[in-house]
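As a plain string of letters, each chain reads:
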Amino acid sequence: ECPLCLLPQPPEAFPSLASCSHRSCWACLEQYLCLAVRESRVPVSCPHCPAALQPSDVHRLLPEPALRDKYEEFLLRRLLVADPGTRWCPAPDCSPSQAGFLVALSCVGLGVPREGCGTEFCYHCRQPWHPDGPCVPAPSLATPTAQLAQPEELAHGEALAQAEAEDIKVCPRCSAFIMKINDGSCNRMNCTVCGCLFCWLCLQEISDVHFLSPSGCTFWGKRPWSRTRRILWQLGMVLGAPMVISLAAGVAVPVITIGIPIYMGRKVLAGGPGSRRSSLSGCQQCLSVTSSVLLSLIVSPIITALTVGVGVPLVLTYVYGTVVLSLCR
């Protein structure tokens, strides 16, 4: 049975992968790879684990030659963009196949036209080639029109520029421009060019606990918390942690201890017509339910003790370790 489409397949329908031992049917892997390449999620990871699929497997599974070429282009782009000594040609529609990347060697001529493109640009500032002057920052789009604009138009232009600045930001690793709809949605961003995982609010590379840290960045929201709100929240966590932990433990202990046996009893009691239990007699069904409930009564206290014994120290360590240190700073 394929774990993706849940359909029974013959053994030859499950291609082997060099990256890992997971198996999926050929049709599901084809559809998964086509979607990943079209969305530029390259390198493509296994649908069941983070292991990256080998290029040989991707070429074998991709049905269209155009998608294979696109996959190779994205791989080359990812490799070159991760190198700090490369620059992307600023001309529109200049791809790596047209030598759109300029690699800085010992004495690369600045302003050399790219083969197949002809655009001359400065390696340092990425602006049009300027052999007679130093590098200057890119001119602002609002600079030429600001002198002629009326106050109302100027205010509208500033508001529009601010909205665009909030919607378009730069990847902290590869400096690629990334656009996000500023609607308060998830702030955990993944750059499709270099694979960097970063926070949209603070533009810092993040770990899995970034949004749990007292940094002011929230998983959802348009802006990080203010300094006053962050300090008040940290003080509330430090002062209210014992009461909240006690209340949560007081609720979790009976819920887990009693809820697991009830859940297992209901699960064993409720069975479909095709299940093995439907062929049992009433006495056998009663014995099956009773044994599952008794076994759950033995196991549930162990689960409760592990949950409380591990969860409470972790929460206390976080509150009186990470939060207190952040508050002292």
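Anything mentioned here points back to the structure above.
On a predicted model such as this, the values are computed, not experimentally measured, just so you know. (Residues numbered from 1 in each chain as written. Predicted model: local features only at pLDDT ≥ 70, side-chain atom pairs only at ≥ 80, totals over all residues. Heavy atoms only, no water.)

The subject of this paragraph is helix α3 (residues 65-81). Over its 17 residues, α3 runs 24 Å from end to end, which matches the ideal 24 Å to within 8%, given 1.5 Å per residue. Buried within α3 are the following residues: Leu67, Tyr71, Phe74, Arg78 and Leu80. (Helix = DSSP H or I, 4+ residues; strand = E, 2+ residues; numbered from the N terminus. Expected span 1.5 Å × (residues − 1). Buried < 20%, exposed > 50% of the residue type's maximum accessible area, 1.4 Å probe, protein only.)

Moving on, we come to the nonpolar core. In terms of nonpolar packing, the biggest core is built from 19 residues, with Leu33, Val37, Val44, Leu53, Val58, Leu62 and Tyr71 touching the most fellow members. Among the elements of the structure, α1 (26-38), α2 (55-61) and α3 are those that each provide at least two residues to this core. Per-element tally for this core: the top contributor is α1, with six residues. The residues touching Leu62, leaving out its near neighbours within four places in the chain, are Leu33, Cys34, Val37, Leu67, Arg68 and Tyr71. (Core = buried A, V, L, I, M, F, W, Y, C linked by side-chain atoms within 4.5 Å. Contact = heavy atoms within 4.5 Å.)

Before going further, it helps to examine unusual backbone geometry. Cis geometry marks the peptide bond from Val42 to Pro43, where omega comes out at 0 degrees. Residue position: Pro43 is located in the loop between α1 and α2. Positive phi is not limited to glycine here, since Ser40 has a value of about 60 degrees. Tracing the chain through its elements places Ser40 in the loop between α1 and α2. Even without being a glycine, Leu203 presents a positive backbone phi close to 55 degrees. Its place among the elements puts Leu203 in the loop between β6 (197-199) and α6 (227-269).

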